[in-house]
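Residues per chain are reported as follows:
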Amino acid sequence: RQLDWFSTVLAQATQEWIIVVGHYPIYSRGPDRALDSRILARDIKPLMDQHGVDLYVSGHDHLLQRFEDDGLVSIVAGAGGKLSHVL
């Protein structure tokens, strides 16, 4: 049901830039690569690709990373308190 809602919201977006913010990263080289990230890559990433999302911003891992995959830029900015790992 949530995936249907997410897809509907993205389909209705008319802005020049479509930005999605979430807690867990889709990709991470951090030590806390969770099952949640694999689920996001499997279920959420295809919807973002389908609807032309430009940027996905997440946190969770206490580090700063940038990835690009098929035009989707992903930023992991979970170092608000302190960096626990520098990559």
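Model, not experiment: these values are computed from the prediction.

**So, the side chain of Ser 74**
- Tracing the backbone shows Ser 74 in strand S4 (residues 72-77).
- Among the residues examined, Ser 74 registers a relative accessible area of 4% and is labelled buried.
- With near-sequence residues (within four places) excluded, Ser 74 lies in contact with Tyr 27, Tyr 56, Gln 65, Arg 66 and Phe 67.

**Let's talk about the nonpolar core**
- Residues Phe 6, Leu 10, Ile 18, Val 20, Ile 26, Leu 40, Ile 44, Leu 47, Met 48, Val 53, Tyr 56 and Leu 72 constitute the largest nonpolar core, which totals twelve residues.
- When contributions to this core are tallied by element, the ones reaching two or more residues are helix H1 (2-12) and helix H3 (45-50).
- Residues in contact with Ile 44, not counting those within four places in the same chain, are Leu 3, Phe 6 and Ile 39.

**So, the pairing of strand S2 (residues 55-58)**
- Pairing analysis gives three bridges linking strand S1 (residues 19-21) to S2, with the strands arranged parallel. In the strand pairing of S2, Val 20 is matched with Tyr 56.
- Note that S2 and S4 share four bridges and pair parallel. Bridge pairing in S4 places Tyr 56 opposite Ser 74.

**Section: a nonpolar patch on the surface**
- Where nonpolar side chains cluster on the molecular surface, the patch consists of Trp 17, Ile 19 and Val 21 and spans about 370 Å² of accessible area.
- Looking at where Ile 19 falls in the secondary structure, it is placed in strand S1.
- By relative accessible area, which is 49% here, Ile 19 ends up partly exposed.

**Observations regarding the environment of Gly 59**
- With respect to the element layout, Gly 59 can be found in the loop between S2 and strand S3 (64-69).
- Note: C-alpha distance between Gly 59 and His 23 (36 residues apart in sequence) is 5.2 Å.
- When sequence neighbours within four positions are dropped, the list of residues in contact with Gly 59 reads Gly 22, His 23, Pro 25, Val 76, Ala 77 and Gly 78.

**Regarding H1**
- Those residues of H1 that fall on the buried side of the exposure criterion are Phe 6, Ser 7 and Leu 10. Axial view of H1: buried residues confined to an arc of 95 degrees, hence all on one face. What points out from H1, more than 90 degrees from its buried face, is the exposed set Asp 4, Trp 5, Ala 11 and Gln 12.
- Turning to H1, the residues buried within the fold contact S1 and H3.

Conventions used here
Within every chain, residues take consecutive numbers counted from 1 along the sequence as written. Per-residue local features of the predicted model are confined to residues with pLDDT of at least 70, and side-chain atom pairs are confined, for both listing and counting, to 80 or more; whole-chain, interface and lining totals are unaffected and use all residues. Remark: hydrogens and water are excluded; side-chain values derive from all non-hydrogen atoms of the structure. In this text, helices come from DSSP runs of H or I with a minimum length of four residues, and strands from runs of E with a minimum of two, each type numbered from the N-terminal end. The buried label goes to any residue with under 20% of its type's maximum accessible area, the exposed label to any with over 50%, and the partly exposed label to all in between, with areas taken from a 1.4 Å probe on protein chains only. The contact criterion used throughout is that any non-hydrogen atoms of two residues lie within 4.5 Å. Side-chain atoms within 4.5 Å are what join buried Ala, Val, Leu, Ile, Met, Phe, Trp, Tyr and Cys residues into a set we call a nonpolar core. The pairing criterion is simple: DSSP has to find at least two bridges between the two strands. Residues qualify for a patch when their relative accessible area is over 30% and they have no salt bridge, like charges being joined within 9 Å and the nonpolar side chains of Val, Leu, Ile, Met, Phe, Trp and Tyr within 5 Å. Using a 1.4 Å probe, accessible areas were evaluated by the Shrake-Rupley method; residue-level cover was limited to the displayed protein chains. We count a salt bridge whenever a side-chain nitrogen from Lys or Arg sits within 4 Å of a carboxyl oxygen from Asp or Glu. When we speak of the arc, we mean the arc of directions from the helix axis to the C-beta atoms.

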